[in-house]
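Here is what each chain is made of, one letter per residue.
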Amino acid sequence: EAGVVQSPRYKIIEKKQPVAFWCNPISGHNTLYWYRQNLGQGPELLIRYENEEAVDDSQLPKDRFSAERLKGVDSTLKIQPAELGDSAVYLCASSFQGPSQETQYFGPGTRLLVL
Amino acid sequence: DQQVKQNSPSLSVQEGRISILNCDYTNSMFDYFLWYKKYPAEGPTFLISISSIKDKNEDGRFTVFLNKSAKHLSLHIVPSQPGDSAVYFCAAIAYSGAGSYQLTFGKGTKLSVIP
C-alpha cells in the first residue's frame, strides 16, 4: 500500500513568489494534517482536516497561507507571497481516526527554500 | 513556551548497549504520548505510544516509560543497533473535547549508534 505522497520534494523560489504543495494521503484516511518543521525543531501543526472540513487551523498564518482539501482526499497548501522565514520542510500526514486510535503517517515532506 | 521538551539534542551510544531518550512536558492535560523516528529526507514514522493510564509500554526492543508525577517519559532501546541511528521526536496529545485535540512535538534528539 502506498504511503502519504507529497510533491514536489524540493522547491526553491524567490521571496514574494507564490508556491504550492500537494499531498495525497493514504487511501481511506479521513484525517489530514499539514505541518511545518523548521531546522532543529519538531513539526508544528498548521492545519488539520477531518474529511473536507478544516477543524483546526488556529496555527495557520492566514494572511499568506491557505489550504484546501477538495472531496476530502488530496490537499493543497499554498503560500502567497512567500517570505524568507517560510523556508522549512512542509510535512503532510494522515490518519484513519484521531491520533490516539491510529497514529499519523507522514509523507517525506517538501523542503522549501525561499531566497 | 515549549510544552514538550527534549533537552538532549544528541546522544551517542555503543552498539549493543541501551539507549535512553528523555522527554519532559509541562502541560498536565497531555494524556497520550508518542515517539516518532525520523531518518534524513524522510517523514517521521511512528515508533511506540503510551496512554496516561499506563506507566510502561513495550514493543520488542523499544520500551516507553511514563512518570506522570514527574511529567517525564523516556524511550529505552535495548539492544541498540546502528540502524536505530535517527532523530527521535517525543509528541504529546491533549484532548479538549468535541473532537478537538492538541498534538505537540518536542525538538527531537539525534541518536547515533556506534558500531
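Attention in this report is confined to the structure presented alongside it. What you are looking at is a predicted structure, and each value in this text was computed from that prediction instead of being measured.

### Points about the interface of chain A and chain B
- Listed per partner, the contact involves 22 residues of chain A and 19 residues of chain B.
- Taken over both partners, the interface formed by chain A and chain B buries close to 1500 Å², and the fraction arising from carbon and sulfur atoms is 56%.
- For the pair chain A and chain B, the interface holds 0 salt bridges.
- The set of elements that each furnish at least two residues to the side of chain A that touches chain B consists of β4 (31–37) and β5 (44–50) of chain A.
- A total of 4 residues in the side of chain A that touches chain B trace back to one element, the largest contributor, which is β4(A).

### Quick word on the sheet that holds strand β1 (residues 4–5) of chain B
All names here are of chain B.
- In space, the 5 strands of this open sheet follow the order β1-β3-β8-β7-β6, with antiparallel pairing throughout. Single-partner strands in this sheet number two, and they are β1 and β6 (56–59).
- As paired strands, β1 and strand β3 (residues 19–25) are joined by 2 bridges and run antiparallel to one another. Its bridge partner being in β3, Lys5 is matched across the sheet by Asp24.

### Quick word on the pairing of strand β7 (residues 65–68) of chain A
Residues and elements named next belong to chain A.
- Relative to strand β8 (residues 75–79), β7 runs antiparallel, the two sharing 4 bridges. Considered in β8, the bridge of Ser66 is made with Lys78.
- From the end of β7 to the start of β8, which pair antiparallel, there are 6 residues, and Lys71 there has a positive phi angle of about 65 degrees.

### Regarding the pattern of salt bridges
- One pass over the full model with this rule turns up 7 salt bridges over all chains.
- Note that Asp57(A) is salt-bridged to Lys62(A), the shortest N-O span being 3.8 Å.
- Exposure remark for Asp57(A): the relative accessible area of 28% places this residue in the partly exposed category.
- Taking the shortest distance from any N to any O, the salt bridge between Lys56(B) and Glu58(B) comes out at 4.0 Å.
- The exposure class assigned to Lys56(B) is partly exposed, which follows from its relative accessible area of 43%.
- Among the charged side chains, a salt-bridge network with shared partners connects Arg36(A), Arg64(A), Glu83(A) and Asp86(A).

### A short note on the packing of aromatic side chains
- Here the structure, examined in full by the defined rule, presents 12 aromatic pairs over all chains.
- Geometrically, the ring pair formed by Tyr36(B) and Phe46(B) is edge-to-face, given 6.1 Å between the ring centres and 75 degrees between the ring planes. Of the two residues, Tyr36(B) is situated in strand β4 (residues 30–38) and Phe46(B) in strand β5 (residues 45–51); the sequence distance between them amounts to 10 residues.
- Summarising the aromatic geometry, the rings of Phe89(B) and Phe105(B) are spaced 6.4 Å apart at their centres and angled 85 degrees between planes, so their arrangement reads as edge-to-face. Remark: Phe105(B) occurs in strand β10 (residues 100–105) and Phe89(B) occurs in strand β9 (residues 86–97); sequence separation between them is 16 residues. Of the two residues, Phe89(B) and Phe105(B), neither departs from the other in class, the shared state being buried.
- By the ring-pair criterion, three or more aromatic residues cluster together here, those being Tyr33(A), Tyr35(A), Phe106(A), Tyr36(B), Phe46(B), Phe89(B) and Phe105(B).

Criteria and cut-off values
Throughout this description, residue numbers start from 1 for each chain and increase along the sequence as written. Chains and ligands are labelled sequentially in the order written, the chains with letters from A and the ligands with numbers from 1. Predicted model: local features are reported for residues with pLDDT of at least 70 only, side-chain atom pairs are reported and counted for 80 or more only, and whole-chain, interface and lining totals are derived from all residues. The side-chain quantities take in all heavy atoms of the structure and omit both hydrogens and water. Here, residues are in contact when the closest pair of their heavy atoms is within 4.5 Å. Throughout, the accessible surface (probe 1.4 Å) given up by two parts as they are put together, summed over both, is called the buried area. We define a salt bridge as a side-chain nitrogen of Lys or Arg found within 4 Å of a carboxyl oxygen belonging to Asp or Glu. For helices the rule is a DSSP run of H or I covering at least 4 residues; for strands it is a run of E covering at least 2, with both sets numbered from the N terminus onward. Any two strands with at least two DSSP-identified bridges between them are counted as paired. When accessible area is computed with a 1.4 Å probe and restricted to protein chains, residues below 20% of their type maximum are described as buried, those above 50% as exposed, and intermediate ones as partly exposed. Each aromatic pair joins two rings of Phe, Tyr and Trp (for Trp, the six-membered one) with centres within 6.5 Å, and gets the label stacked for planes under 30 degrees apart, edge-to-face for over 60, and tilted for any other angle.

Function cannot be inferred from these measures alone, as they are strictly geometric.
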